[in-house]
Each structure stands twice: as C-alpha cells, then as structure tokens.
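Breakdown of the fold
Here are the chains, one letter per residue:
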Amino acid sequence: MHSFKILGIPLFTLLLTQATWAAGVEVFLKDRLDGNLSQYCIDIMGGFENADPTRGMQAHTCLGYRGEFGVDQVLDSEAFASDQFRFPNFEVCITLNSLELGATASLTTCDDSDAQNIVFAANGNISPKSAQDMCLTAG
C-alpha cells in the first residue's frame, strides 16, 4: 500500500480508467509498480464498508476490472473541471497539506480552498493548481 506525496518530478502519473468522462471513475497509477495487471488506483484506506477518510489514501489494486468500482475508489470526474478530486461517496476531497517537496496530501471535507485546487493535466499529471511544476505521486 502506498501513500501520496508531492514531488517535483513526476515519478507516477495518474490516468482515468475510462476514455469517456463519466460521473464516477477510478484514477490509476500509470506505472504498474509490481506488474499487477489490474493496476493500482487512488483508494481510501480501510476498504469498502471499513473505508475511513481520516486514515488517508493509498494506492491499492483497482477493482474496476470486476465490472464495478470499489466505493472507496470512486472519484467524481465532473469535479475535475472545478480542479477538485472529490470522493462523492464520502464527501471528501484530496487536500494538500503544503506545497513543500515531500509534503503529504490528506482527505478533508470539500471546501474549494486553495489546498484543494488540484488540476488533472492532459498528460495525466495531477498537480497543485498554484504549482503545476509539481505533481502528486504515490510514495
């Protein structure tokens, strides 16, 4: 299991698992890490009914290959247009704890703050809107 950190060099970029924009999507790491065929997705720690946003995020095996997404892996793709990474089943957003290299990200109530202004670039990078030379990576 992997946590997420802000780095200046994009070691892992994130891409949608669906080519078309839908309300609920999984976002997975471009790098397969250990070669797992089902990829690793942004995931809330705890899993399914035990998912607990206060415990943070991890990169965990994607579940979309089974024909449905895990409730703890669903992101609202429509929120990307507002520069937000929102988990609609938990009403929390990815929140940057600072813009320092190596800083972590957490999950907090969505509030449109600068710490939640995160852009999903066309190349798959996820970056702070105010520091697009940086990116969110799995660590």
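Residues numbered from 1 in each chain as written. Predicted model: local features only at pLDDT ≥ 70, side-chain atom pairs only at ≥ 80, totals over all residues. Heavy atoms only, no water.

Here we look at the sheet that holds strand S9 (residues 92-96)
Strand order across the open sheet formed by three strands is S8-S9-S10, with antiparallel pairing between neighbours. Unpaired on one side and paired on the other, strand S8 (86-87) and strand S10 (105-109) mark the two borders of the sheet. Where S9 meets S10, five bridges bridge the pair, whose relative direction is antiparallel. Across the sheet, residue threonine 95 finds its bridge partner in S10, namely serine 106. (Pairing = 2+ DSSP bridges. Helix = DSSP H or I, 4+ residues; strand = E, 2+ residues; numbered from the N terminus.)

Remarks on the environment of alanine 59
Positionally, alanine 59 belongs in strand S6 (residues 57-61). Each C-alpha atom, one on alanine 59 and one on aspartate 43, is 5.8 Å from the other, the two residues being 16 residues apart in sequence.

Quick notes on the confidence of the model for the protein
The share of residues in the protein with pLDDT of 70 or more is 82%, and the mean pLDDT across the chain is 82. S9 holds the highest mean pLDDT among the elements of the protein, 97, whereas strand S2 (residues 14-16) holds the lowest, 44. Residue range residues 6-21 is modelled with pLDDT below 50. Its contacts to residues more than four positions away, or to other chains, number 63 contacts. (pLDDT = per-residue confidence, 0-100. Contact = heavy atoms within 4.5 Å.)

A word on the pattern of salt bridges
Taken as a whole and assessed by the stated rule, the structure comprises three salt bridges. Between arginine 86 and aspartate 76 there is a salt bridge, and its shortest N-O distance comes to 2.3 Å. With arginine 86 in strand S8 and aspartate 76 in strand S7 (residues 75-76), the pair connects residues that are 10 residues apart, well separated along the chain. By relative accessible area, aspartate 76 is classed as buried at 8%. (Salt bridge = Lys/Arg side-chain N within 4 Å of Asp/Glu carboxyl O. Buried < 20%, exposed > 50% of the residue type's maximum accessible area, 1.4 Å probe, protein only.)

What to know about the pairing of S9
Most of S9 sits inside the fold, with five of its five residues counted as buried. Pairing of S8 with S9, which is carried by two bridges, proceeds in the antiparallel orientation. In the sheet register, phenylalanine 87 faces S9, and the bridge partner there is valine 92. Where S8 folds back on S9, the antiparallel hairpin that results is connected by four residues, among which glutamate 91 adopts a positive phi of roughly 50 degrees.

Some words on the nonpolar core
Membership of the largest hydrophobic core comes to 19 residues, with the highest contact counts inside it found for Val27, Ile42, Leu75, Phe85, Phe87, Ile94 and Ile126. Within the residue set of this core, elements represented by two or more residues are strand S5 (40-44), S9, S10 and strand S11 (118-120). Per element, the largest residue contribution to this core is three residues, and it comes from S9. (Core = buried A, V, L, I, M, F, W, Y, C linked by side-chain atoms within 4.5 Å.)

Considering the packing of aromatic side chains
In this structure the tally under the stated criterion is three aromatic pairs. Pairing phenylalanine 85 with phenylalanine 120 gives two aromatic rings, centres 5.6 Å apart and planes at 35 degrees, and the pair type is tilted. Of the two residues, phenylalanine 85 sits in the loop between S7 and S8 while phenylalanine 120 sits in strand S11, which places them 35 residues apart along the sequence. Of the two residues examined, phenylalanine 85 and phenylalanine 120, each falls in the buried class. A connected cluster of aromatic rings, assembled from ring pairs, spans Phe80, Phe85 and Phe120. (Phe/Tyr/Trp six-rings, centres within 6.5 Å; stacked < 30°, edge-to-face > 60°.)

Remarks on the state of the cysteines
Evaluation of the coordinates by the stated rule reveals two disulfides. A disulfide bridge connects cysteine 93 with cysteine 110, and the sulfur atoms are separated by 2.0 Å. Disulfide cysteine 93-cysteine 110: the torsion about the S-S bond is 100 degrees, which places it as right-handed. Placement of cysteine 93 in strand S9 and of cysteine 110 in the loop between S10 and S11 is noted, with a sequence separation of 17 residues between them. Since its relative accessible area comes to 24%, cysteine 110 is described here as partly exposed. If one numbers only the bonded cysteines of the protein, in the order they occur, the disulfide pattern is 1-2, 3-4. (Disulfide = S-S within 2.5 Å.)

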